[in-house]
Amino acid sequence: MTTGKFITFEGGEGGGKSTQLALLAKVLEDAGIEVVTTREPGGTSGAEEIRDLLVRGTTDRWAPLAEVLLHFAARIDHVEKVIQPALETGAWVLCDRFTDSTMAYQGGGHGLGFDRIRELHHQILGNFRPDLTLILDLPVEEGLARAFGRAGAEDRYERMDLGFHERIRATFLAIGEEEPNRCAIIDATGGVDDVQRDICAEVSHRLGADLKATGRETEQ
Ligand code: TMP
């Protein structure tokens, strides 16, 4: 059976993941590829309800392990109902965040460590992994300044301290270095079009698609 490709976008706050995900979706569609875009936490009605519990409210709202379990509860619903079925039809799934975010935010940021999260992932999802993970990297203070520039109530993680965000960045970079076949670290300090060019080059090279970056005018 032909299955689609599963591409995840990762990184700290304010790295431009959502913008780049939308741009890549358009480029893939222009190349004749069927695309499903989605996000975590979220992507199903139940997982979106769990999202509200996670991204709003006081920073100390959850014990760190409870937070991990909520992210995985949302993830299993999302994988079973949206991601796997879409891949089985041959669509390419572009997902804003996945288990690497749990490793970075809860494992690194909250200091829970990585073994329990790896184990949970394995128990729940086996060897299911992204075909490609694009890690959008930029200095923490720059990312937070961009993120705080956007209005919104979903800012529970953004309000956590600088050390939390530095540990997140360090964890994403470590994951990228440990798994170079799956992960590409993208310099997100450049302009939107520069970052899109780098992303298209990685996707073309690693997944064998012949893509042309088209720039911001393609964004919906
Ligand atoms: P977003 O801002 O990228 O939409 O993601 C929502 C927030 O959820 C973001 O601050 C990162 C956080 N998050 C985790 O802490 N752990 C996870 O496993 C996921 C998927 C997201």
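Each remark here, short or long, concerns the structure printed above.
First things first, this report covers the structure right here in the doc.

### Thoughts on the site of the ligand
Inference 1: Taken together, 14 residues lie around the ligand, and Glu 13, Lys 17, Arg 97, Thr 102 and Gln 106 are the ones closest in.
Inference 2: A distance of 2.9 Å is found between an oxygen atom of the ligand and a side-chain nitrogen or oxygen belonging to Arg 51.
Inference 3: Note that a nitrogen atom of the ligand is positioned 2.9 Å from one of the side-chain N or O atoms of Gln 106.
Inference 4: In the complex, the protein chains occlude 92% of the 470 Å² of accessible area that the ligand would expose alone.
Inference 5: In a pocket analysis with a 2 Å cut-off to the grid points, the ligand is assigned to the largest pocket.
Inference 6: Only helix H2 (45–55), helix H3 (64–88) and helix H4 (99–109) provide two or more residues apiece to the shell around the ligand.
Inference 7: Per-element accounting of the shell around the ligand gives the leading share, 4 residues, to H4.
Inference 8: Looking at side-chain class alone, the shell around the ligand contains 4 nonpolar, 4 polar and 6 charged residues.

### Structural notes on the layout of surface pockets
Inference 1: A volume near 670 Å³ is recorded for the largest pocket.
Inference 2: Elements with a contribution of two residues or more to the lining of the largest pocket: helix H1 (17–30), H2, H3 and H4.
Inference 3: Broken down by element, the lining of the largest pocket gets its largest block of residues, 4 residues, from H4.
Inference 4: Here the lining of the largest pocket is built from residues that sort into 8 nonpolar, 11 polar and 13 charged.
Inference 5: Taken as a whole, the second largest pocket encloses approximately 290 Å³ of empty space.

Thresholds applied
- Residues numbered from 1 in each chain as written.
- Predicted model: local features only at pLDDT ≥ 70, side-chain atom pairs only at ≥ 80, totals over all residues.
- Heavy atoms only, no water.
- Near = heavy atom within 4 Å.
- Polar contact = N/O pair within 3.5 Å; in protein donor to acceptor, adjacent residues only side chain to side chain.
- Areas by Shrake-Rupley, 256 points an atom, 1.4 Å probe, with all protein chains shown as cover.
- 1 Å grid on protein atoms, 1.4 Å probe; cavity = no way out; pocket = protein on both sides within 12 Å on 5 of 7 lines; lining within 4 Å.
- Sits in = over half its atoms within 2 Å of the grid points.
- Helix = DSSP H or I, 4+ residues; strand = E, 2+ residues; numbered from the N terminus.
- Nonpolar A, V, L, I, M, F, W, Y, C, P; charged D, E, K, R; others polar.
- Points joined across faces, edges and corners; volume = space filled by probe spheres on them.

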